[in-house]
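Listed below are the residues making up each chain.
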Amino acid sequence: MEAKTMHCPDQKRRSLLVTALAAGACMATRSVAAEDQPGRDERPQKGNTLVLSEGEHEGEIIKPDDLKLGGPPLRAWPKDPKTSVIRNGSRLNEILVLKLDASELDDATRARAADGIVAYSAICAHAACPVSEWVKAEQGGEYVLKCPCHNSEYDPRQGAQVVFGPAPRRLAALPMAIADGMLVVAGSFAGKVGGQSGG
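Residues numbered from 1 in each chain as written. Predicted model: local features only at pLDDT ≥ 70, side-chain atom pairs only at ≥ 80, totals over all residues. Heavy atoms only, no water.

## A short note on the overall build of the chain
Right, so step 1: A tally of regular secondary structure across the chain gives two helices and 10 strands.
Right, so step 2: Summarising the internal contacts of the chain: among those between residues at least 6 apart in sequence, 53% fall at separations of at least 24.
Right, so step 3: Per element, the accessible surface of the chain, about 11200 Å² overall, is 52% carbon and sulfur. (Helix = DSSP H or I, 4+ residues; strand = E, 2+ residues; numbered from the N terminus. Contact = heavy atoms within 4.5 Å. Areas by Shrake-Rupley, 256 points an atom, 1.4 Å probe, with all protein chains shown as cover.)

## Here we look at the pattern of salt bridges
A side chain with one charge can pair with a side chain of the opposite charge if their charged atoms come near.
Right, so step 1: All told, the structure shown has seven salt bridges when counted by the stated rule.
Right, so step 2: Residue Arg157 is joined to Asp155 by a salt bridge in which the shortest nitrogen-to-oxygen separation is 3.0 Å. Pair check on accessibility: Arg157 and Asp155 agree, each one buried.
Right, so step 3: Ionic contacts of the salt-bridge type, sharing partners, join the residues Glu104, Glu142, Asp155 and Arg157 into one network. (Salt bridge = Lys/Arg side-chain N within 4 Å of Asp/Glu carboxyl O. Buried < 20%, exposed > 50% of the residue type's maximum accessible area, 1.4 Å probe, protein only.)

## Here we look at the pairing of strand β1 (residues 49–52)
Right, so step 1: Across the two faces of β1 the burial is the same, with Thr49 and Val51 and Leu50 and Leu52 all buried.
Right, so step 2: Pairing of β1 with strand β2 (residues 74–79) involves four bridges; the strand directions are antiparallel. Of the residues in β2, the one forming a bridge with Leu52 is Ala76. (Pairing = 2+ DSSP bridges.)

## Let's talk about the environment of Cys129
Right, so step 1: By the element assignment, Cys129 lies in the loop between β4 (117–121) and β5 (133–136).
Right, so step 2: Since its relative accessible area comes to 15%, Cys129 is described here as buried.
Right, so step 3: Between the C-alpha atom of Cys129 and that of Gly194, which follows or precedes it by 65 residues, the distance is 8.4 Å.
Right, so step 4: Aside from chain neighbours lying at most four places away, what touches Cys129 is Arg91, Ala122, Ile123, Cys124, Cys147 and Cys149.

## Description of the side chain of Ser121
Right, so step 1: With respect to the helices, strands and loops of the structure, Ser121 is situated in strand β4.
Right, so step 2: Engagement of the side chain of Ser121 in a polar contact is seen with the backbone nitrogen of Ile123, the distance being 3.1 Å.
Right, so step 3: If sequence neighbours within four positions are ignored, Ser121 has contacts with Glu94, Leu96, Leu171, Ala172, Phe189 and Val193. (Polar contact = N/O pair within 3.5 Å; in protein donor to acceptor, adjacent residues only side chain to side chain.)

## Points about the sheet that holds strand β6 (residues 143–147)
Right, so step 1: Here we have four strands laid out as an open sheet, ordered β5-β6-β7-β8, and antiparallel in their pairing. Edge positions in the sheet fall to β5 and β8 (161–164), since each has one partner strand and no second. The mean inter-strand angle of the sheet, taken between neighbouring strand axes irrespective of direction, is 45°.
Right, so step 2: Relative to β8, strand β7 (residues 152–155) runs antiparallel, the two sharing three bridges. Residue pairing for β8: Tyr154 is matched across the bridge by Val162. (Axes fitted to C-alpha atoms, helices over the stretch in contact; angles between N-to-C directions.)

## Brief notes about the state of the cysteines
Right, so step 1: Enumeration according to the criterion identifies one disulfide in this entry.
Right, so step 2: Through a disulfide, Cys129 is tied to Cys149; the S-S separation comes to 2.4 Å. The sign of the S-S torsion, about -110°, decides the handedness of the disulfide formed by Cys129 and Cys149: left-handed. With Cys129 in the loop between β4 and β5 and Cys149 in the loop between β6 and β7, this residue pair connects regions lying 20 residues apart in the sequence.
Right, so step 3: For Cys149, a relative accessible area of 39% corresponds to the partly exposed category. (Disulfide = S-S within 2.5 Å.)

Without other data, these values stay purely geometric and don't point to any function.
In C-alpha cells form, the structure reads like this:
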C-alpha cells in the first residue's frame, strides 16, 4: 500500500507567514534605503531638474510645455540628475512652478525666470504652512498664490511679494533655466525659506 503524504495545516500557515514576513522586510528595506539616500534633504542646487511632487504623475520630470500659461502652478521637488535623488527629505524643498506672460514680470522676476516660468518656495513666510491656492487677489483682479492658513497672498509677477495678509516677507524665489528641453534650477533660493521662525 502506498503511503500518503499529509501536510500539516500548521506547516502551511507557518510557510505563508514566513513568506509574508520576508516580503514585508524586503519592502521595508527598500523604503528605508530610499529615505537614507544622501542629498534628499539638501536644498535645490544648480542643475537640478524639477519633478512633480503630487498626483498620478508624481516623480515625473516637468517640462516647459507641461505648464499652462497663466497658471495654475505645479508643485515640484528638485531632483539631482546625476544621482536621481529627489530632494524630498525636507518639506522646505517643495517648489511652486508656473508660467506667466514674461511682459507682466518685473525686472528682478524676469531675470530669474525662463521664458516666463517662475519658481517659488511652497512654504509660507508667515507660519510655514503650505501655499496651496491659486486665486483672484483680495485687492485687484490678478491671480495670486495664497496660503489658506492665515490668508497671505503673494504676487508671482512681482517676485512673490506679499499683497495681502500677515506674511512678513515674500516667498523665496528659485532661479530657473531651460536646458535640453527641461526646466533646471539656475541657482540657490533668493530669500529665506520657511516661516518667521525659520519653518
